[in-house]
Amino acid sequence: MKHLTRAFDGQNEWWKYLVVIIVALVVGQIVGAIPLIIVMGVSMAMNGGQMATPENAMDLTAYGIDPNLGLVLIVVPFIVTLVLAIVLIKALHQRKTTDVVNGGASFRWKRFWLGVGVWGVIMLVLFFVQLLISPEELEFRFDPASFIPLVFVAIIFIPIQSGTEEFIFRGYLAQGVAGWTKRVWAAILIPSLLFALMHAANPEVKEHGFWMMMPSYFIFGLAFAITAVLDDGIELAIGIHAINNTLLSILVTSKESALQTPALFFQRETDPISESITLVISSVIMLIIFKLILKWDFSIIWKKIEPPTNIDEA
């Protein structure tokens, strides 16, 4: 477990994690939102100073902002967060980016594309099953002038957003928890809980309620964390997360979605309970597929993390 044991380097003090989280995640999101605020201000001024109050705060079209431009502006805070995290982790922990990704090896692109391929196929199968069984739930809204740019914007920018979250939660924080607890299950569970709580301000939570939506975020975070631990690095998780959000932005949106894009379909009604059940089943299928391909040993989850005798071995 080179990825998790990388935290046994004498630089795992709790206050360092607090500094990184506050500066990178909090300050980074605030500073990164400045371009969006400026564009919103200009748009408001062009509309005579009228202040829009959309039901979904992520619906930037209510402010007169093109949805594809809005998607780029929403990703900018994640770019700032990632840059700050990389700089601070290097300064405070003496860990390189690859140390946080997989313990120090080169980025495993084959793992990334494996995650994209497996979860992408599962998502597409589920989508077409829904389209066949309940076509009345989905309204076709293809607008080539908006959709074609969306595909390029989504493919380029959404993996940055997804990769930033994986870097922070399944990479950096998982290493911290591993160093403190020396338990694999804790390095899976605690970052997954924090990941779910980070999404508490999402519009889906406002629409359906905290306790209705948190299980979905937690389940997905848990699947990412298990994947990262068993694969000894976060490349697979980045690929899964990236294709999940990319396909969601391209294929379907809804009134409460955090991704307000000119997607192919608009979902009239969403059922968070059935979606959570579907997510559990599909996540289990995904993990089984990876186990068969990569020969994973799930018993690792319950093992104690043994500090390496030499940090160079971590």
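Chemist: Break down the overall build of the protein chain for me, with residues and values.
Modeler: Secondary structure assignment for the protein chain yields twelve helices and three strands. For 314 residues, the compact-globule estimate of 2.2 N^0.38 gives 20 Å, and the protein chain sits close to it at 20 Å. Across its three principal axes, the protein chain shows a C-alpha extent of roughly 65 × 45 × 35 Å. Counting only residues that meet the buried cut, the protein chain has 50% of its 314 residues in that class. When contacts within the protein chain are restricted to residue pairs at least 6 apart in sequence, long-range pairs at least 24 apart make up 79% of them. For the protein chain, the computed accessible surface area is about 14900 Å², with 72% contributed by carbon and sulfur atoms. Each charge class in the protein chain was averaged separately, 20 positive and 25 negative side chains, and the resulting centres sit 12 Å apart.

Chemist: I'd like a rundown of the side chain of N245, residues and numbers included.
Modeler: Relative to the elements of secondary structure, N245 occurs in helix α11 (residues 235-251). Residues in contact with N245, not counting those within four places in the same chain, are I158, Q161, S162 and L259.

Chemist: Break down the environment of K206 for me, with residues and values.
Modeler: Looking at the secondary structure, you find K206 in helix α9 (residues 203-208). In this structure K206 comes out as exposed when scored by relative accessible area, which is 68%. Sequence separation of K206 and D9 is 197 residues, and the distance between their C-alpha atoms is 41 Å.

Chemist: Please give an account of the packing of aromatic side chains that cites residues and values.
Modeler: Across all of its chains, the model carries 18 aromatic pairs by this definition. The interplanar angle of 25 degrees and the centroid separation of 4.5 Å between the aromatic rings of Y17 and Y172 together place this pair among those described as stacked. With Y17 in helix α2 (residues 14-32) and Y172 in helix α7 (residues 144-181), this pair connects stretches of sequence that are 155 residues apart. By the burial criterion, Y17 is buried, and Y172 matches it. When the centroid spacing of 5.6 Å and the interplanar angle of 50 degrees are considered together, the rings of F290 and W296 count as tilted. By the burial criterion, F290 is buried, and W296 matches it.

Chemist: Tell me what's going on with the sheet that holds strand β1 (residues 138-140), and back it up with residues and numbers.
Modeler: Strands belonging to one sheet form pairs held by backbone hydrogen bonds; the direction of such a pair is parallel or antiparallel. Pairing is mixed in the open sheet, where three strands are placed in the order β1-β3-β2. Two strands bound the open sheet, and with one partner strand each, they are β1 and β2 (252-254). Mean inter-strand twist for the sheet, computed between neighbouring axes without regard to direction, equals 35 degrees.

Chemist: Can you explain the packing of helix α3 (residues 34-46) against helix α4 (residues 67-93)? Please cite residues and give values.
Modeler: Helix-helix packing: each pair is described by the crossing angle between the helix axes and the interaxial distance. Here α3 crosses α4 at 145 degrees, and the two axes come no closer than 8 Å. Of the residues in α4, those touching α3 at P35, L36 and V39 are L69, L73 and V76. Taken together, the residues that form the contact of α3 with α4 break down as six nonpolar, no polar and no charged.

Conventions and cut-offs
- Residues numbered from 1 in each chain as written.
- Predicted model: local features only at pLDDT ≥ 70, side-chain atom pairs only at ≥ 80, totals over all residues.
- Heavy atoms only, no water.
- Helix = DSSP H or I, 4+ residues; strand = E, 2+ residues; numbered from the N terminus.
- Rg over C-alpha atoms; globule rule 2.2 N^0.38 Å.
- Buried < 20%, exposed > 50% of the residue type's maximum accessible area, 1.4 Å probe, protein only.
- Contact = heavy atoms within 4.5 Å.
- Areas by Shrake-Rupley, 256 points an atom, 1.4 Å probe, with all protein chains shown as cover.
- Lys, Arg positive; Asp, Glu negative; His and termini not counted.
- Charge placed at Lys NZ, Arg CZ, Asp CG, Glu CD.
- Phe/Tyr/Trp six-rings, centres within 6.5 Å; stacked < 30°, edge-to-face > 60°.
- Pairing = 2+ DSSP bridges.
- Axes fitted to C-alpha atoms, helices over the stretch in contact; angles between N-to-C directions.
- Nonpolar A, V, L, I, M, F, W, Y, C, P; charged D, E, K, R; others polar.

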